[in-house]
Amino acid sequence: MLESNAPEVINALSQLFDYYLYTVYSLFSTEIHEYFESLVISKRLQVGVKRIRENLINMNSDHVETGADGKTRIPAPQISPRIDLADPKTVFALPERIAAMESLAFLASQMELIQPTLERALPPQRRVFLQQFYTQSVSLVPDIRYPVYWCVAYRSINYDTALSMMAEVQWDIKDLASQHSEYVDHLLKELEGFHQVIRRTAKTTAIPKEALDGLWTLAVLLTNRTFVEGFSGVKKCSNEGRALMQLDYQQFIVSAEKLSSLRPIPDRDFIDSYVKAFYLPEEALEKWIKDHKQYTLKHIVGLINQSPSLTKKTRQRLLQFVEDPEGLRNKNKS
């Protein structure tokens, strides 16, 4: 590569990388429920994908076209009809997801290696573009792993049955429990099945550690949200029932660590903080609710309705706040 044509070559290289990044993301990051988007799709990834789509992708035609802005846009990628992302027999196209994601990760690592060479080939006034490319595109690659593997963790494990079983648990017990609840055994059985599926896949498809950790992290994140979803639906619960919740989750953690490659199990605070919030006094609970935006409205409403520390008046005020915070603020100002 000559210095005279370096800007054009590097610009083409950056467009090729962006198109491949967009291809992997757009083809394999489907079916992510709105509730989970903020969990698995980072803000910077959303911004980056939007930028690539607007600058490089022709969404209205299957031809390469040059727009009025002078930018050449390429047709959106299409997945092969031979790949069925919804087929459980292929673990929802896990081998193809691994090939796509980990080849992109390898490409990004090679781009990191040649960055100094590319910088030396460019005149100083053009190096800002290169720095932006690495910041806005190459650095996004790790963020794509969760969306790509999301469907596998979401559809391989039966979370709904656990929720139904949690609804049948008697949480207003009078004595401390020494045995965890049956729904925990169901979740662990599902995770064992997930573990076996991954092992079978690994016999024919190499699964890098980054991919394995990503799959298990997603499974744990989804299971943790199943715990909180179930806890938030409890109608009556004693302090001993709260202790049972903690016992159940601790049993899950111990067994999940043995099954997975994760040490320690991630996202534990999502459960621990929620269960401990039931014990908070009135003022501390109100502050906790305002500080913890990662929980859904259903989670917070369940917490408020079950909290033993709240008076009826405070309970009504907090329910009004979480359901319409702007309305309550305006009412207080008037």
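Being a predicted model, the structure only gives us computed values, none of them experimental.

Caption draft 1: Up close: unusual backbone geometry. With an omega dihedral of -5 degrees, the bond running from Arg 263 to Pro 264 counts as a cis peptide bond. A positive phi angle is found at Phe 92, which is not glycine, with a value near 60 degrees. Relative to the assigned elements, Phe 92 resides in the loop between strand 3 (72–75) and helix 4 (94–121). One non-glycine residue, Ala 93, lies in the positive phi region at around 60 degrees.

Caption draft 2: A look at the packing of helix 9 (residues 209–232) against helix 11 (residues 268–277). The contact between helix 9 and helix 11 brings their axes to 9 Å, and the two run at 15 degrees. With respect to their mutual orientation, helix 9 and helix 11 come out roughly parallel. Regarding helix 9 and helix 11, the two cross each other, and that crossing is left-handed. On helix 11, the residues that touch Asn 224, Arg 225, Phe 227, Val 228, Phe 231 and Ser 232 of helix 9 are Arg 268, Phe 270, Ile 271, Tyr 274 and Val 275. Split by residue class, the contact of helix 9 with helix 11 holds seven nonpolar, two polar and two charged.

Caption draft 3: Local environment of the sheet that holds strand 2 (residues 65–66). Pairing within the open sheet is mixed, and its three strands lie in the order 1-3-2. Edge strands, defined here as strands with exactly one partner in the open sheet, are strand 1 (57–58) and strand 2. Sheet topology note: the strand 1/strand 3 ladder contains two bridges and is parallel. Its bridge partner lying in strand 3, Asn 58 is registered against Pro 75. Running over the sheet, helix 3 (residues 43–56) touches strand 1 and strand 3 and is turned about 105 degrees from strand 3.

Caption draft 4: A look at the pairing of strand 3. In the sheet, strand 2 pairs with strand 3 via two bridges, with the strands oriented antiparallel. Paired with Thr 66 across the two strands is Thr 72, which belongs to strand 3. Between strand 2 and strand 3, which pair antiparallel one after the other, the connecting turn spans five residues, and Gly 70 there sits at a positive phi close to 85 degrees.

Caption draft 5: Just the side chain of Ser 238, in detail. Along the chain, the position of Ser 238 falls in the loop between helix 9 and helix 10 (239–259). In this structure Ser 238 comes out as buried when scored by relative accessible area, which is 15%. A polar contact of 2.5 Å, which involves the side chain of Ser 238, links it to the backbone oxygen of Ile 173. Those residues in contact with Ser 238, other than ones at most four positions away along the chain, are Trp 171, Asp 172 and Ile 173.

Caption draft 6: Representation of helix 8 (residues 182–202) in the model. With 21 residues, helix 8 ought to run about 30 Å at 1.5 Å a step, and its terminal C-alpha atoms sit 31 Å apart, in line with that. As for helix 8, its buried residues are in contact with helix 4, helix 6 (141–156), helix 7 (159–167), helix 9 and helix 10.

So, how was this worked out
Residues numbered from 1 in each chain as written. Predicted model: local features only at pLDDT ≥ 70, side-chain atom pairs only at ≥ 80, totals over all residues. Heavy atoms only, no water. Helix = DSSP H or I, 4+ residues; strand = E, 2+ residues; numbered from the N terminus. Axes fitted to C-alpha atoms, helices over the stretch in contact; angles between N-to-C directions. Parallel < 35°, antiparallel > 145°, perpendicular 65-115°, else oblique. Left-handed = near helix turned anticlockwise from the far one by under 90°. Contact = heavy atoms within 4.5 Å. Nonpolar A, V, L, I, M, F, W, Y, C, P; charged D, E, K, R; others polar. Pairing = 2+ DSSP bridges. Buried < 20%, exposed > 50% of the residue type's maximum accessible area, 1.4 Å probe, protein only. Polar contact = N/O pair within 3.5 Å; in protein donor to acceptor, adjacent residues only side chain to side chain. Expected span 1.5 Å × (residues − 1).

Such coordinate-based values are descriptive only and should not be taken to indicate function.
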